[in-house]
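The chain contents come next:
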Amino acid sequence: MWRRAATAALSLGVGAGAVAVASSEDPAATLKVCTHLPPRLLRDSVTAATIAFDYKWSLWGLEPGTPAWQSAKHDTHLRSANRLQELCFRNGGIYIKLGQHIAQLVRTWPLEYVVPEEYVQTMRESMLKRCPVSSYEEVRQVFAKDLGESPETVFAEFDPVPLASASLAQVHAARTHDGQKVAVKVQHDHLTDTSVVDIATVDLLVNALHYIFPTFDYRWLVDEVRESAPKELDFLNEAKNSEKCLDNFRRLSPHIAGSIYAPKVYWNLSTSRILTMEFMDAKEVTDVHGIKAIGIHPVDVSNLVSKAFAEMIFKHGFVHCDPHAANMMVRPMPQDSRKSFGWKRPQLVLLDHGLYKELDYTTRISYASLWKALVFADEKAIKENSVKLGAGEDLHALFAGVLTMRPWQRVIDPSLDHLVLDRKNTDYSELQNYASLYFSEISELLRRLPRVILLMLKTNDCLRAVNHALVGGTSLESFMIIGRVSSEAVLDAKRMSQRSFLNRLMIWMDEVTLEARFFSLKLMLCFMQLRKLLPS
């Protein structure tokens, strides 16, 4: 009976595939999809079933909390994490992108402690480093389909060995016929064709795991990938994002527009799968030794990164949501002879503009108001704006802790450095305890928050990692920058909504008060820094 059922299912699948190929406008692409679907679906099903069986079998009959149970759970977590990792690498494409999302999300408190440590370490050690590399013949095929010519014809020089490779594409060095050195981003072949299949099968896997383990609900992450993947696979959309980003700085943040840069796009040499950009001679943002070697102070870079993203989040509402170290570079300001205490002024170069998120006006102002309240330890405003963003009155304190990585009593502490976190101090241990004690509350908070705010959590944590590499932790200056930019955004919103003379006078008084407050904070900061320099 089982043999007959399997034969019937196989015949039905082959017949459906043949009909789809025959009726398709692009039979080759449809055949590719039909070829990819069965093995992916089979691997997903086997992996999900194996993980579920492993947990049920390995923990069967063991008393929760006992040493034997803890040991068995650790071993099962490790085996299952390796299985998921291997599944992502074997399927490739969107699977690796999803794995990278998880690898970056698990760095974010509280996910860092909600997700088992074995998964955290496995994802961190592999997903951001092992990426597929297309052969040069595959690169040539993409050029032939998109530009109708080979790379050697399109460019005067084209290095067949990629400079770097990521989950969706790889980058080659080249030189145009007029002598310009460029970086050419080439999408892995057939990725566009198989992405729909990949998302569908990932959705099936994640839903199956959620059914087996209801507390681990990553369906929102699949929804995010489903929405963002088509945009990230369209390199022309990425090019438009880069130009829109720079235009926003010129219009809305002219005071730092010259300090932000994105590589020039060669539109005549770009398609949806090939992106030709200006080649950037700059240092990776976390290369502290390299940054110092070109005469730039790492603290200045840290402050510039904080300013750039605070402006994007609180004023532009158009946010680069993948600001990890490989996507940001630093160079001295071009044609700039100005120096500060012997250091050159930095220019931040933003790369990989595929993943942007737009904050609607209400969400942007509520988020800015929340961060202003967090910086100034305003308990009432923290609660009010947390509720507006969906955390609810019962979870506003937890939301504040997630954003700042600080326990509630430190969040509302009026001291100047109340948000600065040193990973060596006892507060970090307290955060770990929070995550284990309030597991269900954290899960509920993540369920309530809008997806765009979850992406802001990821963005915040990427920025924390960059600042940690540059200055050894979260700096007081970065929180003062966040406080100033968020406060300015709130004042701008008030000016737009309040037209009467009396209201404008009150806004002017708020602005004067704010300036006085920041002036006193700067004095206190200078005093604290002076005390550190003096011998104890």
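Quick notes on the rules
- Each chain carries its own residue numbering, running from 1 in the direction its sequence is written.
- Local features are withheld for residues below a pLDDT of 70 in this predicted model, meaning they are given only at 70 or higher, and side-chain atom pairs are given and counted only at 80 or more; totals for whole chains, interfaces and linings count all residues.
- As a convention, hydrogens and water are excluded, and side-chain values are obtained from all of the structure's heavy atoms.
- A helix here means a DSSP run of H or I that spans at least four residues, while a strand means a run of E at least two residues long, and both kinds are numbered starting from the N terminus.
- With a 1.4 Å probe rolled over the protein chains alone, any residue whose accessible area is under 20% of its type maximum counts as buried; one over 50% counts as exposed, and the rest are partly exposed.
- Contacts are assigned to residue pairs with any non-hydrogen atoms lying within 4.5 Å of each other.
- Every accessible area reported is derived by Shrake-Rupley at a probe size of 1.4 Å, with residue values counting cover from the shown protein chains alone.
- Pairing between strands requires that DSSP locate at least two bridges from one strand to the other.
- Here a cavity denotes a set of grid points, spaced 1 Å apart and computed over the protein atoms alone, in which a 1.4 Å probe fits but from which it cannot get out, and a pocket denotes an open set meeting protein on both sides within 12 Å along at least five of seven lines; residues with an atom within 4 Å of a point are reported as lining.
- Grid points are joined across faces, edges and corners, and a volume is the space filled by probe spheres set on the points.
- Residue polarity follows a fixed list, in which Ala, Val, Leu, Ile, Met, Phe, Trp, Tyr, Cys and Pro are nonpolar, Asp, Glu, Lys and Arg are charged, and the others, Gly among them, are polar.
- Here, the term nonpolar core denotes a set of buried Ala, Val, Leu, Ile, Met, Phe, Trp, Tyr and Cys residues that are joined through side-chain atoms within 4.5 Å.
- Classification of ring pairs uses Phe, Tyr and Trp, with its six-membered ring standing for Trp, and accepts pairs whose centres are within 6.5 Å; under 30 degrees between planes counts as stacked, over 60 as edge-to-face, and the remaining range as tilted.
- Ring-over charges, as used throughout, are those where CZ of Arg or NZ of Lys falls within 6 Å of the ring centre and within 35 degrees of the ring normal.
- The span you would expect from a helix comes to 1.5 Å times its residue count less one.
- Within a predicted model, pLDDT stands for the predictor's per-residue confidence, ranging from 0 to 100.

Caption draft 1: The arrangement of the overall build of the protein chain in detail. When helices and strands are tallied, the protein chain shows 22 helices and 13 strands. Taking all 536 residues of the protein chain together, the buried fraction comes to 49%. The long-range share in the protein chain, meaning contacts at least 24 apart out of those at least 6 apart in sequence, stands at 69%. When the accessible surface of the protein chain is totalled, it reaches about 26,300 Å², and 58% of it is carbon and sulfur.

Caption draft 2: Inspection of the sheet that holds strand S7 (residues 283–284) at higher detail. Ordered by their spatial adjacency, 4 strands build an open sheet running S5-S12-S9-S7, and the pairing between neighbours is mixed. Each having just a single partner strand, strand S5 (260–261) and S7 make up the two edges of the open sheet. Pairing of S5 with strand S12 (residues 346–350), which is carried by 2 bridges, proceeds in the parallel orientation. Across the sheet, the residue bridging to Tyr261 is Val349, located in S12.

Caption draft 3: Main features of empty space enclosed by the protein. Counted under the stated rule, the structure contains 4 cavities of 30 Å³ or more. Along the wall of the largest cavity there are 16 residues; nearest its centre are Trp371, Asn460, Leu463, Asn467 and Ile482. Among the secondary structure elements, those contributing two or more residues to the lining of the largest cavity are helix H13 (298–316), helix H14 (361–375), helix H20 (451–471) and helix H21 (476–497). Here the element with the most residues in the lining of the largest cavity is H13; it accounts for 5 residues. Grouping the amino acids of the lining of the largest cavity by side-chain chemistry returns 10 nonpolar, 5 polar and 1 charged.

Caption draft 4: Seen up close, the nonpolar core. By size, the foremost hydrophobic cluster in this structure holds 70 residues, and its most contacted members are Phe314, Tyr367 and Phe399. With 7 residues, H14 is the single largest residue contributor to this core. For Phe399, the residues in contact, after removing those within four places along its chain, are Leu370, Ser386, Leu389, Ala391, Leu445, Leu449 and Ile453. In terms of nonpolar packing, the next biggest core, distinct from the first, is built from 26 residues, Ala257, Ala308, Met328 and Leu350 among them.

Caption draft 5: Summary view of the packing of aromatic side chains. Within this structure, the stated rule accounts for 7 aromatic pairs. Considering the side-chain rings of Phe318 and Tyr356, the 4.4 Å spacing of their centres and the 20 degrees angle between planes classify their relative orientation as stacked. Here the residue Phe318 occupies a position in strand S8 (residues 318–320), and Tyr356 occupies one in strand S13 (residues 356–358), the gap between them amounting to 38 residues. Overall, Phe318 belongs to the buried group, its relative accessible area being 6%. Of the aromatic side chains, those joined through ring pairs into one cluster are Tyr136, Phe143, Phe155 and Phe158. In this structure, Lys185 is placed above the aromatic ring of Phe235, and the distance from its NZ or CZ to the ring centre is 5.0 Å.

Caption draft 6: How the structure looks around unusual backbone geometry. We note that Asp352 has phi near 50 degrees; this positive angle belongs to a residue other than glycine. By secondary structure assignment, the location of Asp352 is in the loop between S12 and S13. Positive phi, close to 60 degrees, is recorded for Met405, a residue that is not glycine. The residue Met405 is located in the loop between helix H16 (396–404) and helix H17 (408–411) in this model. The exposure class of Met405 is buried, given its relative accessible area of 3%.

Caption draft 7: Layout of the pairing of strand S9 (residues 328–332). The buried fraction of S9 amounts to 4 of the 5 residues, a majority that puts the element mostly inside the structure. As judged from the 2 bridges shared by S7 and S9, these two strands associate in the antiparallel manner. Across the sheet, Glu284 pairs through a bridge with Met329, a residue of S9. Bridge count between S9 and S12: 5 bridges; the pairing is antiparallel. Counterpart to Met328 in the pairing with S12 is Leu350.

Caption draft 8: Inspection of helix H10 (residues 219–232) at higher detail. End to end, H10 covers 20 Å across 14 residues, agreeing with the expected 20 Å (1.5 Å per residue, within 8%). Listing the buried residues of H10 in full gives Trp220, Leu221, Val222, Glu224, Val225, Ser228, Ala229 and Glu232.

Caption draft 9: Fine view of the confidence of the model for the protein chain. When pLDDT is averaged along the protein chain, the result is 82; 83% of the residues meet or exceed 70. Contacts from residues 1–24, a stretch scored under 50 in pLDDT, to residues over four places away or in other chains number 8 contacts.

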